[in-house]
Amino acid sequence: MHFYLIEFSDRMKILGSAMAYSILLTRLLIFWYKQRTFNKILTMMAIDWEKCTNSKFSMLTTKCNAKLSQRFTNITVILYLTNVTLFSSNIFIKDMDDVITSNVSTRSLIIDMDLPFDVNRRFVYESVIIVQFLHMLICANGMGLINALLINLVLHISGQIDILRKSVLELFPKENKCSTNRSMVKRVIKKHQNIITFSEHIEDLYSYISMVLLISDTLLICCLGFTMVTSIGRPNASESIIRNFLFYLAVNIEVFIFCFAGEYLSAKSKSIGDAAYDSLWYESDFRDSRNILLLILRSQNQLTITIGKIMNLSLEQFTNIIKTSASYLSILLAMY
């Protein structure tokens, strides 16, 4: 309806908002479709918490990762809430100025939309922007918590890997090189299998979410960057930059979180084979050493999170996304 009535920079701003909501809706649909996998993940986490009570080191490691997850979740929620508040602050300040000057003809909404009633009426306008603000808070919390959940799951599995590494090193103590507890070897192998299964569930849950997020966030970073660059030199440049900068920062942090989670999980899984190799497996019984050799071989297949089963999430992919967004931005600026 308004495609030919607004400027190109305004189209990019509206497109960015629409894409942000589309990303959230897609994530929720994928989570709804993968709810059985999510229930399996929660069940395995509950079992891990029950088992960690048998060892002081296991309990300490699990608690440390849980506290770190809680801190990260709080930081993520605060970042998104601050983003929404600053994004909406310009409209609230402008509304107060309009009330003082009795100017009701130039009122604008937090999110541009067409409504089937007159928005310029006093109490109707306040009601609409309050509903929009609360709606943005709910959506921002939803996006932040989905991102925080991925880090929480990765931190939990990293704690389980640390517990496994300590168990592997304790299998072959230096002071008693000949005897090895066979039941402990079986527990280590079973623990490793549970970690692999847990990682596969995370991969199943977040693989297509990562694909949708990285494709859309690449375009979203480009749109927000274009909006900020083109607002330079305009009368309301500072207001536009402030409104969009935290949104731009949050999108970049979101992409970095996913890529860092995949990189961290791969590095942690590699440490399993290093711990097994550093143990004194070569001085034990051939049957026990054979099991440890199989564990080393299995750990060579690194645990990771893929982008739609196509490529692995890594910090290298993060740099590629930033480069691609900058390329698209330069094309848009040339067209502008």
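Residues numbered from 1 in each chain as written. Predicted model: local features only at pLDDT ≥ 70, side-chain atom pairs only at ≥ 80, totals over all residues. Heavy atoms only, no water.

Chemist: Explain the pattern of salt bridges to me, using residue names and the numbers behind them.
Modeler: Scanning the entire structure with this criterion turns up 5 salt bridges. Put simply, Asp162 and Arg165 hold a salt bridge, and the shortest N to O gap is 4.0 Å. On the criterion of helical spacing, the pair formed by Asp162 and Arg165 is a turn pair, its members being 3 residues apart in helix 4 (residues 122-171). Given a relative accessible area of 29%, Arg165 falls into the partly exposed group. Across the pair Glu203 and Lys309 runs a salt bridge whose closest N-O atoms are separated by 3.2 Å. (Salt bridge = Lys/Arg side-chain N within 4 Å of Asp/Glu carboxyl O. Helix = DSSP H or I, 4+ residues; strand = E, 2+ residues; numbered from the N terminus. Buried < 20%, exposed > 50% of the residue type's maximum accessible area, 1.4 Å probe, protein only.)

Chemist: Provide a residue-level description of unusual backbone geometry, including the pertinent values.
Modeler: A positive phi is found at Lys309, a non-glycine position, where the angle reads about 65 degrees. Inspection of the secondary structure assignment puts Lys309 in the loop between strand 1 (306-307) and strand 2 (311-312). Of the residues examined, Lys309 reaches a relative accessible area of 48% and is grouped as partly exposed.

Chemist: Run through helix 2 (residues 35-51), naming residues and quoting values.
Modeler: In this model helix 2 runs 25 Å from its N-terminal to its C-terminal C-alpha over 17 residues, within 8% of the 24 Å that 1.5 Å per residue would give. Buried within helix 2 we find Thr37, Ile41, Met44, Met45 and Asp48. In a view along the axis of helix 2, the buried residues occupy a sector of 100 degrees, so they form one face of it. The outward face of helix 2, more than 90 degrees from its buried face, is lined by the exposed residues Arg36 and Glu50. (Expected span 1.5 Å × (residues − 1). Arc of directions from axis to C-beta.)

Chemist: Could you give an account of the nonpolar core, naming the residues involved and the relevant values?
Modeler: In terms of nonpolar packing, the biggest core is built from 54 residues, with Leu150, Leu153, Phe198, Ile202, Tyr206, Val255 and Ile305 touching the most fellow members. Of all the elements in the fold, those that place two or more residues in this core are helix 1 (8-33), helix 2, helix 4, helix 5 (182-230), helix 6 (237-278), helix 7 (286-299) and helix 8 (315-335). No other element matches the 15 residues that helix 5 contributes to this core. Membership of the second largest hydrophobic core comes to 17 residues, among which are Leu109, Val119, Met136 and Ala140. (Core = buried A, V, L, I, M, F, W, Y, C linked by side-chain atoms within 4.5 Å.)

Chemist: Kindly report on the layout of surface pockets, identifying the contributing residues and their values.
Modeler: Computed from the structure, the largest pocket encloses a volume of approximately 560 Å³. Around the largest pocket, the lining comprises 21 residues; the ones closest to its centre are Ser58, Ile163, Ser167, Arg187 and Lys191. Put simply, the parts of the chain that give the lining of the largest pocket at least two residues each are helix 2, helix 3 (56-101), helix 4 and helix 5. The class makeup of the residues in the lining of the largest pocket is 6 nonpolar, 7 polar and 8 charged. (1 Å grid on protein atoms, 1.4 Å probe; cavity = no way out; pocket = protein on both sides within 12 Å on 5 of 7 lines; lining within 4 Å. Points joined across faces, edges and corners; volume = space filled by probe spheres on them. Nonpolar A, V, L, I, M, F, W, Y, C, P; charged D, E, K, R; others polar.)

Chemist: Residue-level account of the side chain of Asn65, with values.
Modeler: Its place among the elements puts Asn65 in helix 3. By relative accessible area, which is 13% here, Asn65 ends up buried.

Chemist: Explain the packing of aromatic side chains residue by residue, including any values.
Modeler: When we look at a pair of aromatic rings, we describe it by the centre distance and by the angle of the planes. Summed over all chains, the structure comprises 6 aromatic pairs. Where Phe31 meets Tyr206, the ring centres are 5.8 Å apart and the plane angle is 90 degrees; that geometry is what we call edge-to-face. With Phe31 in helix 1 and Tyr206 in helix 5, the pair connects residues that are 175 residues apart, well separated along the chain. Residue classification places Phe31 among the buried positions, given a relative accessible area of 15%. A centroid spacing of 5.9 Å and a plane angle of 20 degrees characterise the contact between Phe260 and Tyr264, whose relative ring orientation is stacked. Here Phe260 pairs with Tyr264, and both are found in helix 6, just 4 residues apart, close to one helical turn. The class of Phe260 is partly exposed, set by a relative accessible area of 37%. The ring of Phe57 has Lys166 sitting right over it, with the charged end atom 5.1 Å from the ring centre. (Phe/Tyr/Trp six-rings, centres within 6.5 Å; stacked < 30°, edge-to-face > 60°. Lys NZ or Arg CZ within 6 Å of the ring centre and 35° of its normal.)

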